[in-house]
Amino acid sequence: MNILVINCGSSSLKFQLIDSENEKWIAKGICERIGIDGSRIVYTPAGGDKEVTESVMVNHTDAIRLVLDALTNEKTGVVKDLSEIGAVGHRIVHGGEKFSKATNIDEEVLKAIEECNDLAPLHNPANLIGIRACKELMPDTPMVAVFDTAFHQTMPEKAYLYGIPYEYYEKYKIRRYGFHGTSHAYVSKRAAEVLGKNYEDLKIIVCHLGNGASVSAVDHGKCVDTSMGLTPLEGLIMGTRSGDIDPAIIEFIAHRENKSIDEIMAVLNKKSGLLGMTKNFSSDFRDLEDAYFKDDKLAISAVEAFAYRVAKYIGAYTAAMNGVDVICFTAGVGENAAFLRSIICNNYLGYLGVEIDEELNSKRGEDIAITTPDSKTIAMVIPTNEELAIARETCALCK
Ligand code: ADP
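Residues numbered from 1 in each chain as written. Predicted model: local features only at pLDDT ≥ 70, side-chain atom pairs only at ≥ 80, totals over all residues. Heavy atoms only, no water.

(A) Region of interest: the site of the ligand. Surveying the vicinity of the ligand reveals 13 residues, the closest of which are Asn211, Asp284, Phe285, Gly332 and Asn336. Interatomic distance of 3.2 Å between a backbone N/O atom of Gly212 and an oxygen atom of the ligand. A distance of 3.3 Å is found between an oxygen atom of the ligand and a backbone nitrogen or oxygen belonging to Val333. Summarising the interface, the protein chains cover 70% of the accessible area of the ligand, which totals 580 Å² for the free molecule. Breaking the shell around the ligand down by element, the ones donating at least two residues are helix H10 (285-293) and helix H12 (331-336). The element best represented in the shell around the ligand is H12, accounting for four residues. Each residue belonging to the shell around the ligand can be placed in one class, and the counts come to three nonpolar, six polar and four charged. (Near = heavy atom within 4 Å. Polar contact = N/O pair within 3.5 Å; in protein donor to acceptor, adjacent residues only side chain to side chain. Areas by Shrake-Rupley, 256 points an atom, 1.4 Å probe, with all protein chains shown as cover. Helix = DSSP H or I, 4+ residues; strand = E, 2+ residues; numbered from the N terminus. Nonpolar A, V, L, I, M, F, W, Y, C, P; charged D, E, K, R; others polar.)

So, in structure tokens, the structure goes:
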């Protein structure tokens, strides 16, 4: 079955058509600047050239229409007509406490996702628009919602409650939810598969290090803790997000700089992290890597702080699980920045007996253990594939 995977943001829409039999992508792309001047669709069929077409997209329905046109185009399309798309899998950022697994979308589910809008005001409304636009153009195609938060719903209360008045949890559901769940689930399962071990026998820590970054502890196949919280702002230092800070810093800046809460939140989300720490030099890890090796002082401090924070979370989650068997690195930075993996493992994980094999660590794009055969704890690189994971869950519900 061909599964169309849709990841809908406020002004962009990423898509991938995946053949669920051989698990290969058939076409993929992105619609950018939806509702803004200069909107365009970037489309790549497997084995073909990337096409960029400027096209007016007033809203997400226009964008989906263009995606479907591209997929069925006589010359560069990959399917004859829409009947060859068996189901659509939608990435939904926040499923609150209602969704602990993927689900078929009906009116009731749409309402329940809408009820989570307050918890992810930037993401969930856009995700819903994407679903509605798809339903309008493909009314008879089954649709599935796959939640970023679902995998983390197995966390125990002690991991998800904050040390704040309990009424806030009761009234507003303020608690740790965690994100990147589809990636944490995919990578941890894949690690067990690659090692030829039983998933339910392992204690795994997954470090998803991309622009957004989070760590999770997967104990015998279940997530028991994760570093992102009520929102994706908590935890690691990220490209532009601060991660953990003393909450009193917000009040301090508000008074000193005469800023509103909204303005400070924008700083913490968009102007902090690696970008802010390097005085707006860059949030892109490739730039930081270059500058680090040119002895740029701020780049060195930012990279060291980034690595140190990851190592601290690995330590915390080793304690949470009373041990760790496998540590996985994934996403743009985790998969590519070998020097960062070396810093984390060599400088901080000696107590776990992690012994990196630098030759294996320098390989790219493979599911691979990067530690020596004698290493007490195994470290691995597992390239994430959230689209494939969404397609699998969608297929499982639509068979
Ligand atoms: P997201 O999905 O959160 O936007 P990604 O997982 O795509 O993020 O990761 C983006 C990050 O990965 C960027 O900081 C980018 O610099 C980094 N990255 C990509 N390729 C490399 C590389 N070859 N070396 C180091 N970092 C890389």
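Still more to cover.
(B) Structural context of the sheet that holds strand S13 (residues 368-369). Spatially, six strands are ordered S11-S10-S9-S12-S14-S13 in an open sheet, and the strand pairing comes out mixed. The sheet terminates laterally at strand S11 (222-226) and S13, the two strands that pair on one side only. In this structure, strand S12 (residues 326-330) lies alongside strand S14 (residues 378-381), joined through four bridges in parallel fashion. Following the sheet pairing, Cys328 is matched in S14 by Met380. (Pairing = 2+ DSSP bridges.)

(C) Examining the state of the cysteines more closely. Counted under the stated rule, the structure contains zero disulfides. Looking at the unpaired Cys223, the closest cysteine sulfur is the one in Cys207, lying at 13 Å. Among the residues examined, Cys223 registers a relative accessible area of 0% and is labelled buried. Left without a disulfide partner, Cys345 is nearest to the cysteine sulfur of Cys207, which lies 8.4 Å away. (Disulfide = S-S within 2.5 Å. Buried < 20%, exposed > 50% of the residue type's maximum accessible area, 1.4 Å probe, protein only.)

(D) Representation of the packing of helix H1 (residues 60-72) against helix H3 (residues 124-137) within the structure. In contact at an axis separation of 9 Å, H1 and H3 are set at 55 degrees when each is read in the N-to-C sense. Taken together, H1 and H3 sit at an angle that is classed as oblique. The crossing of H1 and H3 is right-handed. Residues His60, Thr61, Ile64, Arg65 and Leu68 of H1 touch H3, and the partners they reach there are Ile129, Gly130, Ala133, Cys134, Glu136 and Leu137. Across the contact of H1 with H3, the residue classes break down as six nonpolar, three polar and two charged. (Axes fitted to C-alpha atoms, helices over the stretch in contact; angles between N-to-C directions. Parallel < 35°, antiparallel > 145°, perpendicular 65-115°, else oblique. Left-handed = near helix turned anticlockwise from the far one by under 90°. Contact = heavy atoms within 4.5 Å.)

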